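Here is how the chains run, residue by residue.
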Amino acid sequence: MDKITMINEINRLKKEKNAVILAHYYQDGDIQDVADYTGDSLYLSQIASETDKDVIVFAGVHFMAETAKILSPMKKVLLPVKEAGCPMADMVTYAKLKKYKRENPERVIVCYVNSTAKVKALSDVCVTSSNAEKVIKHYQDKPLMYVPDKNLGTYLKDKYDLDMEVWPGFCCIHNNLNLKIVNEMKSLHKNASFIVHPEAPLDVVKAADFAGSTKGLLNHVINSDLNEFIVGTEEGILHQMKKACPNKIFHILTPDLRCYDMKLTTLEDVYLALKEDQFEVNVEEDIRTKAFIALDTMMKLS
Ligand code: 13P
Ligand code: SF4
């Protein structure tokens, strides 16, 4: 099937099944363009919780589809590629966090949304990269444990001087960024402003002119008077940046900024997801209700 026919079929099936397509900014441009909503993990969770459609096709990774199911249990949630996961989410397990909680009952568990439903169920509150600073301010005077991203956790701990332990997880692509790469790019593009996602190591984040979630980075380039940027996050975001600011110049910090799991999904997978109702994501009800509390607490504080 050619691309135009496939896009037409996706739009036809979407109406027939009363479905909505959500796509994260790290998906391929073609998928972002066919989606009803494109955004960061917080925005897409909000859309998932509010939609009146019967089916949510989540072009992203597993924890995102799972979050949609936790927030919208009556909807059918489909993840087009079953294997699309987030390695960082798997770096904290239910068993290990349970043991930690037993040994450290005084610590409030703050959980990055890049985590499994079972880990969210053990947590007091979730955060995403776009609301982490706002949410954490409500817990500033408490002993905390942040799971699983050591980089975003260290960034928060450093900025707000928190009594916070940090789980040793990381994002495989952002964690590889370093000052050498940044300095090389800065010397190649002397007029460019450097912007980065806070999943990068703290020294890289501190070297940036601006740090923020994918949506935060996009808003920043749209609102900035500057017109040249070195972008330190997954390259999919450049699709929206170039669309929103066709006259600005964007350089990806390194070509390695491609999330393997995000890029597993193709337009054909989105089409097949709608056609065959695959692959449905479910969450056990007792886990879902506990995980819902952590997500709902986040939504109320953000
Ligand atoms: P955002 O919350 O900025 O969308 O980030 C999600 C993610 O997976 C970043 O690596
Ligand atoms: Fe996970 Fe990193 Fe991919 Fe985001 S970019 S989904 S944190 S591996």
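This section reports on the structure supplied with the text. Keep in mind that what you see is a predicted model, and the values were worked out from it rather than measured.

The rules behind these values
- Residues numbered from 1 in each chain as written.
- Chains lettered and ligands numbered in written order.
- Predicted model: local features only at pLDDT ≥ 70, side-chain atom pairs only at ≥ 80, totals over all residues.
- Heavy atoms only, no water.
- Helix = DSSP H or I, 4+ residues; strand = E, 2+ residues; numbered from the N terminus.
- Buried < 20%, exposed > 50% of the residue type's maximum accessible area, 1.4 Å probe, protein only.
- Contact = heavy atoms within 4.5 Å.
- Pairing = 2+ DSSP bridges.
- Near = heavy atom within 4 Å.
- Nonpolar A, V, L, I, M, F, W, Y, C, P; charged D, E, K, R; others polar.
- Disulfide = S-S within 2.5 Å.
- Axes fitted to C-alpha atoms, helices over the stretch in contact; angles between N-to-C directions.
- Polar contact = N/O pair within 3.5 Å; in protein donor to acceptor, adjacent residues only side chain to side chain.
- Areas by Shrake-Rupley, 256 points an atom, 1.4 Å probe, with all protein chains shown as cover.

1. Quick word on unusual backbone geometry
Logical step 1: Cis geometry marks the peptide bond from valine 147 to proline 148, where omega comes out at -15 degrees.
Logical step 2: Examined against the element boundaries, proline 148 turns out to sit in the loop between strand E7 (144-147) and helix H8 (150-160).
Logical step 3: Between glutamine 278 and the following residue, phenylalanine 279, the backbone shows a cis peptide bond with an omega angle of -10 degrees.
Logical step 4: Within the secondary structure, phenylalanine 279 is located in the loop between helix H13 (267-276) and helix H14 (285-301).
Logical step 5: Notably, aspartate 161 is not glycine yet its phi reads approximately 50 degrees, a positive angle.
Logical step 6: Relative to the helices and strands, aspartate 161 is located in the loop between H8 and strand E8 (164-166).
Logical step 7: In this structure, aspartate 277 takes a positive phi of about 55 degrees despite not being glycine.
Logical step 8: Topologically, aspartate 277 is positioned in the loop between H13 and H14.

2. Overview of the environment of leucine 177
Logical step 1: Tracing the backbone through its elements, the reader meets leucine 177 in the loop between E8 and helix H9 (179-188).
Logical step 2: Overall, the relative accessible area of 4% leaves leucine 177 in the buried class.
Logical step 3: Sequence separation between leucine 177 and leucine 253 is 76 residues, and the spatial gap between their C-alpha atoms is 8.6 Å.
Logical step 4: Among residues more than four places away in sequence, those in contact with leucine 177 are Val196, Ala200, Pro201, Val204, Gly232, Leu253, Thr254 and Leu257.

3. Examining the pairing of strand E1 (residues 19-24)
Logical step 1: With 6 of 6 residues buried, E1 lies mostly within the body of the structure.
Logical step 2: A two-sided burial pattern is seen for E1, the buried positions comprising Ala19, Ile21 and Ala23 on one face and Val20, Leu22 and His24 on the other.
Logical step 3: For E1 and strand E3 (residues 55-59), the ladder comprises 5 bridges, and the chain directions are parallel. Within E3, the residue paired with alanine 19 across the bridge is valine 55.

4. Quick notes on the site of ligand 2
Logical step 1: Every residue lining ligand 2 is accounted for by Tyr26, Cys86, Pro87, Met88, Asn114, Cys171, Glu199 and Cys259.
Logical step 2: Among the residues making up the shell around ligand 2, the classes are represented as 6 nonpolar, 1 polar and 1 charged.

5. Notes on helix H3 (residues 41-50)
Logical step 1: Those residues of H3 that sit buried are Ser41, Leu42, Leu44, Ser45, Ile47 and Ala48.
Logical step 2: Of the surrounding secondary structure, the elements contacted by the buried residues of H3 are E1, strand E2 (37-39), E3, helix H4 (62-71) and H14.

6. Quick notes on the state of the cysteines
Among covalent bonds in proteins, the disulfide is the one between the sulfur atoms of two cysteines.
Logical step 1: Under the definition given, this model contains 0 disulfides.
Logical step 2: Here cysteine 126 stays free of any disulfide, with the sulfur of cysteine 111 as its closest cysteine sulfur at 4.5 Å.
Logical step 3: Here cysteine 172 is not disulfide-linked; the sulfur of cysteine 171 is the nearest cysteine sulfur, at 5.9 Å.
Logical step 4: You can call cysteine 172 partly exposed: its relative accessible area is 33%.

7. Notes on the sheet that holds strand E4 (residues 76-78)
Logical step 1: The sheet built from 4 strands is open, its strands ordered E2-E1-E3-E4 with parallel pairing. Bordering the open sheet on either side are E2 and E4, each of which pairs with just one other strand. Strand-to-strand twist of the sheet, defined as the mean angle between neighbouring strand axes without regard to direction, takes the value 20 degrees.
Logical step 2: Relative to E2, H3 is tilted by about 150 degrees, and along the sheet it contacts E1, E2 and E3.

8. Focus on the site of ligand 1
Logical step 1: In the vicinity of ligand 1, the contacting residues are His24, Tyr26, Asp40, Ser41, Asn114, Ser129, His174, His197, Glu199, Ser213 and Thr214.
Logical step 2: A distance of 2.6 Å separates an oxygen atom of ligand 1 from a polar atom in the side chain of histidine 24.
Logical step 3: The protein chains hide 96% of the 300 Å² of surface that ligand 1 would expose on its own.
Logical step 4: Split into classes, the residues belonging to the shell around ligand 1 amount to 1 nonpolar, 8 polar and 2 charged.

9. Examining H13
Residues spaced three or four apart along an α-helix point in a common direction, a consequence of the helix completing one turn every 3.6 residues.
Logical step 1: Looking only at H13, the buried set comprises Leu267, Asp269, Val270, Tyr271, Ala273 and Leu274.
Logical step 2: In this structure, the buried side of H13 is in contact with helix H1 (3-16), E1, helix H2 (29-34), E3 and E4.
Logical step 3: With its phi angle positive at about 55 degrees, aspartate 277 sits one or two positions after the end of H13.

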